[in-house]
Amino acid sequence: MNDERIINAIKALSIAQISKAGSGHPGIALGAAPILYTLYSKHLNIDVLDEKWINRDRFVLSAGHASALLYSMLYMSGFDISINDLKEFRQINSITPGHPEYGVTKGVDMSTGPLGQGIASAVGMAISAKYLKEKFNGLISYNTYVLCSEGDLMEGVSYEACSLAGNLKLDNLIVILDSNKVTLDGSLKDSFDEDILKRFEAMGWYTQVVADGNNPLLIDMAINKAKRCKGQPSFIEVKTVIGKGSLLQGTNKVHGGTLTKEDIRQLRVKLSVDTDLFKNIRSLRKEMANFIRIRVMHDKKKWEVKYNAYLNTCDSDTKRFLLSLNEDKRYDVTKLFNDALFDDDELRNINSKVMNTIADNYPCFLGGSADTASSCKTYLKSFDDFNSTSLNGKNIRYGVREHAMGAITNGIALSGLRPFASTFLAFSDYLKPSIRMASLMNIPSIFVFTHDSVNIGEDGPTHQPVEQLAMLRSIPNFYVYRPCDANEVIGSWHTALNNDKPSSIVISRNKVVNLSTTDPLMVKKGAYIVRKEKKKLFGIIIATGSEVALAIDIAEKLSRKNMEIRVVSMPCTRLFNEQPQSYKDEILPIGYKTFVIERASKFGWHKYVYNDKYIMGIDEFGCSGKEEDVLKKLKLDDDTIYKRIEKLLK
């Protein structure tokens, strides 16, 4: 196979896409093409006709701005991408969007663009491969490869994740750095001049340098060494020239934008490509695609024989787990608790029992916390920690690394497992970029947040969430559950695990009463009546979480004063919004005074009430003190809320 001709064609295809779109990133396409060519042609175990093959190698383009290069590579490798698709680069409804999007383009293993997210999620993919290899006696044994930029390594999330990868000795993870020493704004040395290799060595990685990034033979040798390395993840610094061949090569001016017509003309001469590139590239594509197919075909057939033999000999539970990796999963969580009785307890303790029962019954359920498992109560007691000597452990000790935890959780979800991540609700801000990526990719990551209100008292305003619920609810395609008792905790997990979308389950630290009127199966409606009016309806109170019991208590007091109140528990606002209008009108009929009780930001609740006075919430930060004193200072104590509602009703 003629390496140079194909690399030049890949470069030319990439530049043609960018030129036609009028935007893109030509610098990395010209500089890093030999890296991706070598990786795809010589190393990645992939089947372009079976893109969901569970034992395929994963590739993450953490430097998502190199999308044109990736699409050219996928096309040349034989994936179902056409020349017309390349011509539609960055156009509306195309399968070649501006940055890679999971579920849009075949061969794209995750959405990337926000720097650092890709490399961090790749750590989750590597964790999953180790876990699955142990579960299935070596049947699943793929590697995860990453192409990252220096921008990725400047983002803190990348070093959080890489630090953990070194600690876990993930030798199935190979990261390749496109080291061109240039950023969007100028020279790299102006902002980032540390010794990257020493930093990775200090984190327990095996490191190499390829001095000539234009030499596929040297790149090939380095990747082979990385694949043979045991007990360490691998980091390869490949020294490249940004925009190689362009009149602007080596400068930040070639990072983004388009090349001039003069530059493209002289570049085509250097690359020795036909002027009608799109029409005359097919023979080279066939050559590269056939080379990859022949290289992988024999090994895949051997693996399929092994896979079928394993399916025929393993027990039914293992078979079900294996088959579920590429299928929609269904979990009947409510059946696990048919005879279970929960005492009145702190909601986090109740949630702990529910999570542990789920873990005991579903092998794909695993996760961890950012050094808060003892406070969040999310440790899975029947299972070991996941580490280099216990690869079937279900408890991932993330350490104080919330940023990385979120991204790694997404990588695990992308691998077909059902992961959770947990920390305090106030620290959900640290996970926001990863939650947004989970929502964009439409993957079932679950984030468990505890200590959900200003009523946690003495820890003070830094730990007391105010705006976090509103922030989480504002994220498109993200489902936030705030259950009030054991029944709703069970219902939240049941609904979240069967939704195939990202979710957050927000749990109180406080002791709650298990209510007789709550229903796990009604959580899927988003909101439902937990106290029905006994006489003519006077008003409605909507409440969430631990405030539901307070709402019922207030309603009972008002009933004794001939003001009959309906109480609606709304554990998930998004699910309620998705219900038919007839159901919404049934639960919240028009024409009655409606109140909201939630000890958090009022933002997002105004559509249910007449004005701001009808929301028993908070638009300021909390303070340090005893719970009852904090609530009184914020005018959110039980008695004040009762009196405010009574006054408004009168």
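I will try to describe carefully the structure that is included in this document. What you see is a predicted model; the values in this text were computed from it and never measured.

1. Details of the sheet that holds strand β12 (residues 446-450)
Logical step 1: The parallel open sheet is built from six strands, whose spatial order is β10-β9-β11-β12-β14-β13. Two strands close off the open sheet at either side, each with one partner strand: β10 (395-397) and β13 (479-481). Recorded for the sheet is a direction-independent mean angle of 20° between the axes of neighbouring strands.
Logical step 2: Where β13 lies against strand β14 (residues 503-506), three bridges are found, and the strand directions are parallel.

2. Points about the sheet that holds strand β20 (residues 615-616)
Logical step 1: Strand order in the open sheet formed by five strands is β16-β18-β17-β19-β20, and the pairing between neighbours is mixed. Where the open sheet ends on each side, the last strands, each with one partner, are β16 (528-531) and β20.

3. Overview of the packing of helix α1 (residues 3-21) against helix α2 (residues 26-42)
Logical step 1: Contact pair α1 / α2: the axes reach a minimum separation of 9 Å and the direction vectors enclose 135°. What the angle tells us is that α1 and α2 run oblique. The two elements α1 and α2 meet at a crossing, and its hand is right-handed. Contact residues: Asp3, Ile6, Ile7, Ile10, Lys11, Ser14, Ile15 and Ile18 in α1; Pro26, Ala29, Leu30, Ala33, Pro34, Tyr37 and Lys42 in α2.
Logical step 2: Classifying every residue of the contact of α1 with α2 by side-chain character gives 11 nonpolar, one polar and three charged.

4. So, the nonpolar core
Logical step 1: Grouped together as the largest cluster of nonpolar side chains are 162 residues, with contacts concentrated most on Tyr40, Phe59, Leu153, Leu173, Leu322, Phe365 and Trp493.
Logical step 2: Looking at this core element by element, the count peaks at 10 residues for helix α5 (residues 117-135).
Logical step 3: Aside from chain neighbours lying at most four places away, what touches Trp493 is Val333, Asn351, Val354, Met355, Ile358, Phe365, Phe420, Ile446, Val448 and Ile505.
Logical step 4: Ranked by size, the runner-up nonpolar core spans 48 residues in total, among them Ile540, Ile597, Val609 and Val630.

5. Some remarks on the packing of aromatic side chains
Logical step 1: Inspection of the entire model under this criterion finds 21 aromatic pairs.
Logical step 2: Ring centres of Tyr610 and Tyr614 lie 6.2 Å apart, and the angle between their planes is 80°; on these two criteria the pair is classed as edge-to-face.
Logical step 3: Chaining the aromatic ring pairs together yields one cluster made of Tyr159, Phe200, Trp205 and Phe235.
Logical step 4: Its guanidinium or amino end placed over the ring of Tyr142, Arg58 lies 3.9 Å from that ring's centre, counting from NZ or CZ.
Logical step 5: Between the NZ or CZ atom of Lys300 and the centre of the ring of Trp53, over which it lies, the distance is 5.1 Å.

6. So, the side chain of Asp485
Logical step 1: Turning to its location among the elements, Asp485 is positioned in the loop between β13 and α18 (486-497).
Logical step 2: Among buried charged residues, Asp485 stands out as having no salt bridge; its nearest opposite-charge side chain is Arg482, 12 Å away.
Logical step 3: A polar contact is formed between the side chain of Asp485 and the backbone nitrogen of Glu488, at a distance of 3.1 Å.
Logical step 4: Here the side chain of Asp485 touches Leu515 through a polar contact of 2.9 Å, landing on its backbone nitrogen.

Quick notes on the rules
- Residues numbered from 1 in each chain as written.
- Predicted model: local features only at pLDDT ≥ 70, side-chain atom pairs only at ≥ 80, totals over all residues.
- Heavy atoms only, no water.
- Pairing = 2+ DSSP bridges.
- Helix = DSSP H or I, 4+ residues; strand = E, 2+ residues; numbered from the N terminus.
- Axes fitted to C-alpha atoms, helices over the stretch in contact; angles between N-to-C directions.
- Parallel < 35°, antiparallel > 145°, perpendicular 65-115°, else oblique.
- Left-handed = near helix turned anticlockwise from the far one by under 90°.
- Contact = heavy atoms within 4.5 Å.
- Nonpolar A, V, L, I, M, F, W, Y, C, P; charged D, E, K, R; others polar.
- Core = buried A, V, L, I, M, F, W, Y, C linked by side-chain atoms within 4.5 Å.
- Buried < 20%, exposed > 50% of the residue type's maximum accessible area, 1.4 Å probe, protein only.
- Phe/Tyr/Trp six-rings, centres within 6.5 Å; stacked < 30°, edge-to-face > 60°.
- Lys NZ or Arg CZ within 6 Å of the ring centre and 35° of its normal.
- Lys, Arg positive; Asp, Glu negative; His and termini not counted.
- Salt bridge = Lys/Arg side-chain N within 4 Å of Asp/Glu carboxyl O.
- Polar contact = N/O pair within 3.5 Å; in protein donor to acceptor, adjacent residues only side chain to side chain.

Limitation: the analysis is restricted to geometry and does not speak to function.
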